[in-house]
Structures are given as structure tokens and as C-alpha cells.
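# A structural walkthrough
What follows is each chain in one-letter form.
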Amino acid sequence: MIGATATATELQNNFGRYLNMVMNGNEVVVTKNGKEVGRFIPKDAVVSSLTDSLTGILKGNYDLERERDEGLRKKYEITD
């Protein structure tokens, strides 16, 4: 669950506040110059995401090529 969006400077200046948000299960989206550069997320969310990805790969429900292409499109803001 996304709890907040913060600039890199705001996160740095108010780290304790955002740390508490993450400790309570929320994500903090970090931006720099108006663009998302990262996410500060709870440890359990990371484990869950990795587990879901690996489960999909093992079950054969994961299209690596499609995921790679989608990731690159998002990263470089490519639209069809």
C-alpha cells in the first residue's frame, strides 16, 4: 500500500517519519526532479514480490521476454 510520495530531499530531511510509515507496512515513493526514482518498502513486501516472481517462473506462468520489454518501456517511458 502506497503511503506517501516524497522528494529525495524531503525523505532525507524527514527520514524518521518515512521510516515509521514503512515500519507500519506502507510504501514511500521517492521522486527526484518530478520522476519516480525508487521506493522505500517494508521487508515483507520485498520478500512477497520476489516469491511471487519466482513462483511464476517455476510454474511456467512467467514470460521473461515480455516482463523485460515492459520494464524497459516503463523505464524509458515508451508508448506504442
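Residues numbered from 1 in each chain as written. Predicted model: local features only at pLDDT ≥ 70, side-chain atom pairs only at ≥ 80, totals over all residues. Heavy atoms only, no water.

## What about a nonpolar patch on the surface?
- On the surface, Phe 15, Leu 19 and Met 23 cluster together into a nonpolar patch covering about 300 Å² of accessible area.
- Structurally, the position occupied by Phe 15 is in helix 2 (residues 15-23). (Patch = residues over 30% accessible without salt bridge, like charges linked within 9 Å, V, L, I, M, F, W, Y side chains within 5 Å. Areas by Shrake-Rupley, 256 points an atom, 1.4 Å probe, with all protein chains shown as cover. Salt bridge = Lys/Arg side-chain N within 4 Å of Asp/Glu carboxyl O. Helix = DSSP H or I, 4+ residues; strand = E, 2+ residues; numbered from the N terminus.)

## What to know about the sheet that holds strand 1 (residues 2-7)
- With respect to topology, 3 strands assemble into an open sheet ordered 1-2-3, the strand pairing being mixed. Each end of this open sheet is capped by a strand with a single partner; those strands are strand 1 and strand 3 (35-40). With strand direction ignored, the average angle separating the axes of adjacent strands in the sheet is 25°.
- Both strand 1 and strand 2 (residues 27-32) contribute to a ladder of 5 bridges, which runs parallel. In the strand pairing of strand 2, Thr 5 is matched with Val 29. (Pairing = 2+ DSSP bridges. Axes fitted to C-alpha atoms, helices over the stretch in contact; angles between N-to-C directions.)

## Examining the pattern of salt bridges
- Enumeration over the complete set of coordinates arrives at 2 salt bridges.
- In this structure, the salt-bridge partner of Glu 36 is Arg 39, at a minimum N-O distance of 2.9 Å.
- Among the residues examined, Glu 36 registers a relative accessible area of 47% and is labelled partly exposed.
- Residue Arg 39 is classed as partly exposed on the basis of its relative accessible area of 43%.
- If you follow the salt bridges from partner to partner, you end up with Glu 27, Glu 36 and Arg 39 in one network. (Buried < 20%, exposed > 50% of the residue type's maximum accessible area, 1.4 Å probe, protein only.)

## Some details on the side chain of Glu 27
- Relative to the helices and strands, Glu 27 resides in strand 2.
- For Glu 27, a relative accessible area of 17% corresponds to the buried category.
- Side chain to side chain, Glu 27 and Arg 39 meet in a polar contact 2.8 Å long. (Polar contact = N/O pair within 3.5 Å; in protein donor to acceptor, adjacent residues only side chain to side chain.)

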